[in-house]
Amino acid sequence: MEPESKRRKESESDGVDSWVVLPVLSDQQSGDTELIPAFAAPITDNKETSRLIKDLRSLYPLAGLQHIKRVRSRKLADGRHSLEVLVCLVSDAPDVDLHTEPLISIDSLLTSNSVRLDGLGPPFLVQIPPIPR
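Scope of this entry: the structure provided in the associated data block. (Residues numbered from 1 in each chain as written. Predicted model: local features only at pLDDT ≥ 70, side-chain atom pairs only at ≥ 80, totals over all residues. Heavy atoms only, no water.)

**Remarks on the pairing of strand 3 (residues 81-89)**
Burial within strand 3 is extensive, with 8 of its 9 residues counted as buried. Looking at chain direction, strand 1 (residues 36-43) and strand 3 are connected through 6 bridges and run antiparallel. From the neighbouring strand, A41 faces strand 3, where its bridge partner is V85. The turn joining strand 2 (residues 71-75) and strand 3, which pair antiparallel and follow one another in sequence, is formed by 5 residues; a positive phi near 95° is taken by G79. (Buried < 20%, exposed > 50% of the residue type's maximum accessible area, 1.4 Å probe, protein only. Helix = DSSP H or I, 4+ residues; strand = E, 2+ residues; numbered from the N terminus. Pairing = 2+ DSSP bridges.)

Take a look at the structure:
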């Protein structure tokens, strides 16, 4: 014969357990993601991607941003895919003032003669997270 099961003690408030739930995430993790501005550009010739990454890595290393992918694929409206590359952070760009120059040329970002510009389109602004999430 099986022993009789023990009955659970009920709390005084209608038999409902009163647990208090507390958040365990830090304010940094539960808050909004802070974003920093950067310049990206479309890659017009996919065969130049490897060379462009090497050149950009030597000219503008993304120190402290190892969680960021330098190249991403975007689906176009016609169904094809294009590649975009992260050129540099706005803070690293030489003498660029976004308030006076809303349209930036790739020539003004890549002033070094060591970077060939063939294969890159016009730059545009993107927002990236400075810390991994």
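**Comments concerning the nonpolar core**
With 20 residues, the main nonpolar core has F39, V87, C88, I106, L109, L110 and L120 as its most contacted residues. For this core, the secondary structure elements donating two or more residues are strand 1, helix 2 (49-59), strand 3 and helix 3 (106-109). It is strand 3 that provides the largest number of residues to this core, a total of 4 residues. Aside from chain neighbours lying at most four places away, what touches L110 is L56, L59, Y60, V87, V115, L117 and L120. (Core = buried A, V, L, I, M, F, W, Y, C linked by side-chain atoms within 4.5 Å. Contact = heavy atoms within 4.5 Å.)

**With respect to the pattern of salt bridges**
A full pass over the atoms with the stated rule returns 8 salt bridges. As a salt-bridge pair, E48 and R51 come within 2.6 Å of each other at their nearest N and O atoms. In this structure, E48 and R51 share a single accessibility class: buried. Overlapping salt bridges, with partners in common, bring together E48, R51, D55, R116 and D118 in one network. (Salt bridge = Lys/Arg side-chain N within 4 Å of Asp/Glu carboxyl O.)

Limitation: the analysis is restricted to geometry and does not speak to function.
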